[in-house]
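# Structural features, examined
What follows is each chain in one-letter form.
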Amino acid sequence: MTKNKKLLAWVAEVEKMCTPDRVVWCDGSKAEYDRLMAEMVASGAAIKLNEEKRPNSFAFNSDPSDVARVENRTYIASVNKEDAGPTNNWIDPVELKKTMTELYAGCMKGRTMYVIPFSMGPIGSPIAKNAIEITDSPYVVCNMHIMTRVSTEVLRLIEKTDEFIPCLHSVGAPLEPGQKDVRWPCAPLEKKYIAHFTDENLIWSYGSGYGGNALLGKKCLALRIASNMARKEGWMAEHMLILRFTNPEGKQFHIAAAFPSACGKTNLAMLQSTVPGWKVETIGDDIAWMKPGPDGRLYAINPEAGFFGVAPGTAAYSNPMALAACAKDAIFTNVVVTPDLDVWWEDMGVKCEGGTDWKNNPWTPDMKDAEGKKIKGAHPNSRFTARAANCPVICPDWEDPAGVPIDIFVFGGKRTAVMPLVHEAFNFEHGVYMGATASSEATAASLDQAALRFDPFAMTPFIGYHAGDYLQHWFDMGDLLGDKAPRCFYVNWFRKTDDGKWLWPGFGENSRVLKWMCDRVEGKVGARETAIGLMPREGDLTLEGLNIPAADWAELMKVDKELFKSTLADAEKYLAAFGDKLPVRMKEQLEALKKRLG
Ligand code: O2Y
Ligand code: MN
């Protein structure tokens with residue numbers, strides 16, 4: 001419990017509104033985790049996995065309607081509509097509070113209300129934030145134990161500072177006396193609301209128990225609310241992995257990289273370097289909070305304590321370190337549970353004879369639906385929740401409260417054509433333009449069929465305010481950091497030949513590209529100037545042992561000016577939606593690029 005009056009008053013107010021049967025203050029202990037898991041196993045909500053194969057691990061199946069973030073039910077409820085901008089859904093905060101208060105009334109009946117004190121970032125770090133999530137889901141409590149720092153120490157800090165970010169969550173499924181609970185309680189889509197009251201740093205989530213909708217420290221706090229706070233306070237909250245790359249001489253480089261989903265962010269964060277003597281260590285796989293330090297450089301922390309990774313595709317060839325991280329103490333959601341009580345998912349790289357699928361039905365890999373399509377055992381957005389501390393390549397300084405100094409920003413997306421493997425920005429402003437116009441193909445089809453989705457800094461669903469102001473904040477941070485600003489690069493691991501073959505091997509081999517970036521920072525290699533940026537010259541990027549035909553390399557490094565020009569109209573159209581909030585410097589960069597392309 002706490003002596004903090006503000007916190008006690010808020011908890012009492014929520015209790016009065018939601019009328020739970022009981023209130024439990026969480027302490028983040030192992031005993032608490034074990035007790036809640038035992039209760040969920042007893043109720044049938046959780047499956048205890050084989051202790052020999054998967055120690056201290058559990059599997060859950062969600063309701064089939066509650067499997068991912070719900071962007072169309074996610075709102076930025078700023079007082080001024082203009083503050084939400086073109087990338088967010090907006091509702092008037094007074095109206096939304098009225099709607100949600102009606103939904104919250106009595107919504108925890110028959111359930112326990114858990115009060116979770118948690119810190120995003122190492123407890124007490126000058127970059128960290130203290131918060132409280134109130135939830136009626138024990139699944140959420142256990143996931144929060146892994147993904148954040150849950151501790152009574154946070155209550156002590158709140159008593160000192162009188163500051164915390166309130167996050168309210170309910171699955172929206174009250175129980176009548178004697179009513180038996182379902183395995184995964186939630187509300188129908190039209191009753192789900194993921195609301196951010198950005199003028200008062202308040203989060204209200206209703207109706208979903210899944211991932212980003214329910215673990216409120218992650219996308220809601222660490223990105224949407226934090227991006228707002230960061231803009232006001234002069235720092236950055238970004239959708240970026242953080243890694244340390246160390247060269248054979250022991251020099252460390254810190255890289256923060258932004259990619260839209262399905263571009264291998266977790267894989268890159270845990271990359272196994274193939275460059276002799278160079279080593280990657282993971283600091284974070286999803287979110288970076290970055291603040292200028294006393295020396296004027298930009299310091300980053302990972303505000304999370306775990307990974308909420310996509311299971312399908314996680315395999316020994318793609319990410320052995322993620323597999324190792326979830327070898328024990330993990331939670332799996334919507335994967336296949338095998339007869340020997342282990343887990344399996346598509347593209348895991350191991351054979352599976354069958355088991356129970358994510359819908360809790362008997363399943364074998366040869367099963368087909370009415371149209372003859374293979375039935376997947378795991379949901380494509382099935383997840384593992386794993387402790388960062390269990391990742392074999394976690395950086396020894398990943399919890400340094402001061403953070404790590406960022407040398408390099410990497411932006412990118414999935415582009416089967418046009419974008420070369422790597423290019424460097426001429427300067428920070430040009431880098432902002434690159435990040436702001438980053439795009440990914442919605443399909444892996446050929447160039448003319450592929451729909452481009454612009455996703456500035458991979459932040460589209462997570463910018464908690466007007467996207468034009470967000471781009472301006474990037475320019476302002478560049479001004480503040482001056483010559484200490486990180487160097488900016490754009491990568492594309494996904495180029496294909498006309499007949500659909502990958503041009504670049506990717507995965508561990510991406511370390512060759514990271515090495516070129518580090519060598520650039522150190523001034524060890526030059527670059528050739530092209531219309532779109534600086535690119536490796538012949539021999540600058542080590543290709544030894546790769547067996548890439550010269551024609552393929554030429555294709556990977558090609559800048560086809562005409563093709564580039566043809567994509568500029570799309571970028572211009574996209575940016576036009578930012579209206580008069582589009583920074584002048586974005587327009588200048590666009591004009592300069594047009595000129596360079598001729
Ligand atoms: O579907 C969800 O709720 C999870 S979304 C997610 C989870 C981990 C890391 N990134 C994301 C994302 O959507 O960017
Ligand atoms: Mn993410």
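What you see is a predicted model; the values in this text were computed from it and never measured.

Conventions used here
- Residues numbered from 1 in each chain as written.
- Chains lettered and ligands numbered in written order.
- Predicted model: local features only at pLDDT ≥ 70, side-chain atom pairs only at ≥ 80, totals over all residues.
- Heavy atoms only, no water.
- Near = heavy atom within 4 Å.
- Polar contact = N/O pair within 3.5 Å; in protein donor to acceptor, adjacent residues only side chain to side chain.
- Areas by Shrake-Rupley, 256 points an atom, 1.4 Å probe, with all protein chains shown as cover.
- Helix = DSSP H or I, 4+ residues; strand = E, 2+ residues; numbered from the N terminus.
- Nonpolar A, V, L, I, M, F, W, Y, C, P; charged D, E, K, R; others polar.
- Domains from an automatic or database assignment.
- 1 Å grid on protein atoms, 1.4 Å probe; cavity = no way out; pocket = protein on both sides within 12 Å on 5 of 7 lines; lining within 4 Å.
- Points joined across faces, edges and corners; volume = space filled by probe spheres on them.
- Buried < 20%, exposed > 50% of the residue type's maximum accessible area, 1.4 Å probe, protein only.
- Lys, Arg positive; Asp, Glu negative; His and termini not counted.
- Salt bridge = Lys/Arg side-chain N within 4 Å of Asp/Glu carboxyl O.
- Contact = heavy atoms within 4.5 Å.
- Phe/Tyr/Trp six-rings, centres within 6.5 Å; stacked < 30°, edge-to-face > 60°.
- Lys NZ or Arg CZ within 6 Å of the ring centre and 35° of its normal.

It is worth spelling out the site of ligand 1 at this point. Of all residues adjacent to ligand 1, which total 13 residues, the nearest are Arg69, Gly212, Lys219, Asn381 and Arg383. Separating a nitrogen atom of ligand 1 from a side-chain N or O atom of Asp286 is a distance of 3.3 Å. Considering ligand 1 on its own, with 360 Å² of exposed area, one finds that the protein chains cover 91% of that surface. Mapped by element, the contributors of at least two residues to the shell around ligand 1 are α6 (211-214) and α7 (217-233). When grouped by side-chain class, the residues that make up the shell around ligand 1 number 4 nonpolar, 4 polar and 5 charged. When residues of the shell around ligand 1 are assigned to domains, at least three fall in each of domain 1 (5-50 + 74-234) and domain 2 (238-306 + 398-597).

Tallying each qualifying case throughout the model produces 2 cavities of 30 Å³ or more. Considering the residues around the largest cavity, the lining is formed by 18 residues, among which Met419, Tyr433, Thr437, Phe564 and Leu593 are closest to the centre. Tallying contributions element by element places helix α14 (residues 561-576) first for the lining of the largest cavity, with 4 residues. Volume-wise, the second largest cavity comes out at about 30 Å³. As for the second largest cavity, its lining consists of Met120, Met144, Met147, Thr148, Leu215, Gly217, Lys218 and Glu304. Put simply, the parts of the chain that give the lining of the second largest cavity at least two residues each are α4 (138-147) and α7. Of the residues that constitute the lining of the second largest cavity, the class distribution is 4 nonpolar, 2 polar and 2 charged.

On to the layout of surface pockets, then. Each pocket or cavity is described by its volume, and for the second largest pocket that value is around 530 Å³. Around the second largest pocket sit 24 residues that line it, and Met40, Ser43, Arg111, Pro138 and Asp181 are the ones nearest its centre. Of all the elements in the fold, those that place two or more residues in the lining of the second largest pocket are α2 (30-43), β6 (112-120) and α4. The biggest single contributor to the lining of the second largest pocket is α2, with 3 residues.

Note on placement: Glu238 falls in strand β12 (residues 236-238). One buried charged residue, Glu238, forms no salt bridge at all, with the nearest opposite charge on Lys265 at 9.8 Å. Non-local contacts of Glu238, meaning those with residues more than four positions away in its chain, are made with Leu223, Asp286, Ile287, Ala288, Met290, Phe457, Met459, Tyr470 and Trp474.

How two aromatic rings sit relative to each other is set out by the distance from centre to centre and by the angle between their planes. By the definition in use, this model includes 29 aromatic pairs. Seen from their ring centres, Tyr465 and Tyr470 are 6.3 Å apart, and the 65° between their planes marks the pair as edge-to-face. For the pair formed by Tyr465 and Tyr470, the shared burial category is buried. Pairing Tyr574 with Phe578 gives two aromatic rings, centres 5.5 Å apart and planes at 65°, and the pair type is edge-to-face. Accessibility expressed as a relative area gives 3% for Phe578, which makes it buried. Three or more aromatic residues link up through ring pairs in this structure, and these residues are Phe409, Phe411, Phe428, Phe457, Tyr465, Tyr470 and Trp474. The ring of Phe197 has Lys97 sitting right over it, with the charged end atom 5.0 Å from the ring centre. Note that Arg387 overlies the ring of Tyr33, its terminal NZ or CZ placed 5.5 Å from the centroid.

For side chains of opposite charge, pairing can occur when their charged atoms come near one another. Applying the stated criterion across every chain yields a total of 39 salt bridges. Between Asp469 and Arg231 there is a salt bridge, and its shortest N-O distance comes to 3.6 Å. Here the residue Asp469 occupies a position in helix α11 (residues 467-481), and Arg231 occupies one in helix α7, the gap between them amounting to 238 residues. Accessibility expressed as a relative area gives 13% for Asp469, which makes it buried. With its nearest N and O atoms 3.2 Å apart, the salt bridge here joins Lys524 to Glu522.

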